[in-house]
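Chain by chain, the residues:
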Amino acid sequence: AVESHPFLDVLGDPNPVLSPMSTWWVAQGLLDMKGEAPVVVERDGSGNVAELWPVPPHWLSETPTVREPFYRFSFNTWSTRVPAGDVLYLRHPDLASPYSRGAGTGEAAADELDIDEFAARHLKSFFYNRALPDAFVSIEGVENVEDAAYYEQKIRSKHQGVGKGFQLHVTAGKVDVKELGSTFRESQIVELRGAQRDLFVQLFNVPPEVLGIIQNSNRATISAADYLYKTNVICPRLDFLADGLTSLLDDPSLVVGYE
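Predicted, not measured: the structure shown is a model, and the values here were computed from it.

Draft legend 1. How the structure looks around the overall build of the protein chain. Along its length, the protein chain carries 8 helices and 10 strands. A compact globule built from 259 residues should have a C-alpha radius of gyration of about 18 Å, whereas the protein chain, at 29 Å, is more than 25% larger. Along the three orthogonal principal directions, the C-alpha set of the protein chain runs to about 95 × 55 × 35 Å. Carbon and sulfur atoms make up 56% of the accessible area of the protein chain, which totals about 18300 Å². With 22 positive and 36 negative side-chain charges, the protein chain shows a separation of 9 Å between the mean positions of the two kinds.

Draft legend 2. Looking closely at the pattern of salt bridges. Applying the stated criterion across every chain, the model contains 11 salt bridges. When the shortest N-O distance is used, the salt bridge between Asp116 and Arg193 registers 3.1 Å. Residue Asp116 is located in helix α4 (residues 110-128), and its partner Arg193 is located in helix α7 (residues 189-203); the two are separated by 77 residues in the primary sequence. Among the salt bridges present, the one from Arg197 reaches Asp198, with a minimum N-O distance of 3.0 Å. Of the residues examined, Arg197 reaches a relative accessible area of 35% and is grouped as partly exposed. Exposure remark for Asp198: the relative accessible area of 30% places this residue in the partly exposed category.

Draft legend 3. Region of interest: the nonpolar core. Formed by 19 residues in total, the largest nonpolar core has its most connected members in Phe7, Val49, Leu52, Leu90, Leu245, Leu248 and Val256. At the level of secondary structure, the elements contributing two or more residues to this core comprise α1 (6-12), α2 (20-34), β1 (36-43), β2 (49-54), β6 (87-91) and α8 (219-246). In contact with Leu245, other than residues within four places in its own chain, are Phe7, Leu11, Trp24, Leu52, Leu88 and Val256. Counting 8 residues, the second largest nonpolar core, distinct from the first, contains Val40, Phe73, Val87 and Tyr89.

Draft legend 4. Geometry of the side chain of Glu209. Tracing the backbone shows Glu209 in the loop between α7 and α8. The buried charged residue Glu209 lacks any salt bridge partner; its closest oppositely charged side chain belongs to Arg197, at an N-O distance of 11 Å. Sequence-distant contacts of Glu209, defined by excluding residues within four places in its chain, comprise Ile214, Ser217, Thr221, Ile222 and Ala225.

Draft legend 5. Representation of α2 within the structure. If you check α2, its first and last C-alpha atoms are 21 Å apart, about what 15 residues at 1.5 Å a residue would give, namely 21 Å. Where α2 is concerned, the buried positions are Thr23, Ala27, Gln28, Leu30, Leu31 and Asp32. Buried residues belonging to α2 abut β1, β2, β6, α3 (105-108) and α8. Just beyond α2, the residue with positive phi is Gly35, at close to 85°.

Parameters and conventions
Residues numbered from 1 in each chain as written. Predicted model: local features only at pLDDT ≥ 70, side-chain atom pairs only at ≥ 80, totals over all residues. Heavy atoms only, no water. Helix = DSSP H or I, 4+ residues; strand = E, 2+ residues; numbered from the N terminus. Rg over C-alpha atoms; globule rule 2.2 N^0.38 Å. Areas by Shrake-Rupley, 256 points an atom, 1.4 Å probe, with all protein chains shown as cover. Lys, Arg positive; Asp, Glu negative; His and termini not counted. Charge placed at Lys NZ, Arg CZ, Asp CG, Glu CD. Salt bridge = Lys/Arg side-chain N within 4 Å of Asp/Glu carboxyl O. Buried < 20%, exposed > 50% of the residue type's maximum accessible area, 1.4 Å probe, protein only. Core = buried A, V, L, I, M, F, W, Y, C linked by side-chain atoms within 4.5 Å. Contact = heavy atoms within 4.5 Å. Expected span 1.5 Å × (residues − 1).

Right under this line is the structure:
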């Protein structure tokens with residue numbers, strides 16, 4: 001194993017803006033979510049790799065062609081062209097178009113992500129202000145706003161507050177109550193969010209114990225979780241990154257590895 005090499009120094013400090021951990025976190029996150037992580041290569045005066053810059057895929061507007069061997073990046077008012085040899089184009093090929101742009105696992109599950117997000121927003125709006133009363137109450141014989149407000153205040157003073165639940169309220173006249181909306185139990189929002197969580201955990205092959213989900217765990221599954229996480233989640237991603245980074249080496253006798 002070669003433990004001292006200029007390229008290893010670049011891997012340990014890819015660029016002056018992002019920390020090494022942040023650089024590879026961005027690259028891997030883009031691969032998982034979007035399926036591609038273009039990495040712009042800055043070279044020194046001798047043509048050796050000096051810096052590595054992961055770039056969001058939505059900044060990539062054009063990929064190389066035979067006539068135009070350049071990548072074009074643009075963001076807001078900024079735009080530039082980078083030679084094809086100065087971009088490490090990490091991507092998970094789209095099966096429907098393997099020679100085009102990449103396809104990410106997270107993006108494929110966009111609808112499921114939206115469902116969980118909207119469920120969370122619904123819960124938030126319920127506790128914040130959903131702008132709807134729980135029920136409309138009409139009492140026969142009450143025909144003006146003042147009397148209706150009197151009955152409303154009377155019901156509030158008797159029933160609203162901690163410790164005032166499950167009481168009887170007797171009133172004269174025919175009462176009609178129309179409930180609005182459904183309860184959380186009827187809409188099964190809690191169960192829905194749990195199912196969405198399990199889907200994402202399984203989608204990325206992460207053992208639930210690694211994320212603290214231990215409802216169905218035992219000592220054996222907890223003990224094996226770390227090994228399975230490294231074997232099925234960490235190592236395949238490191239293999240993919242190491243293979244891509246090896247392509248930047250000029251010496252065919254060297255490959256990028258990891259511990």
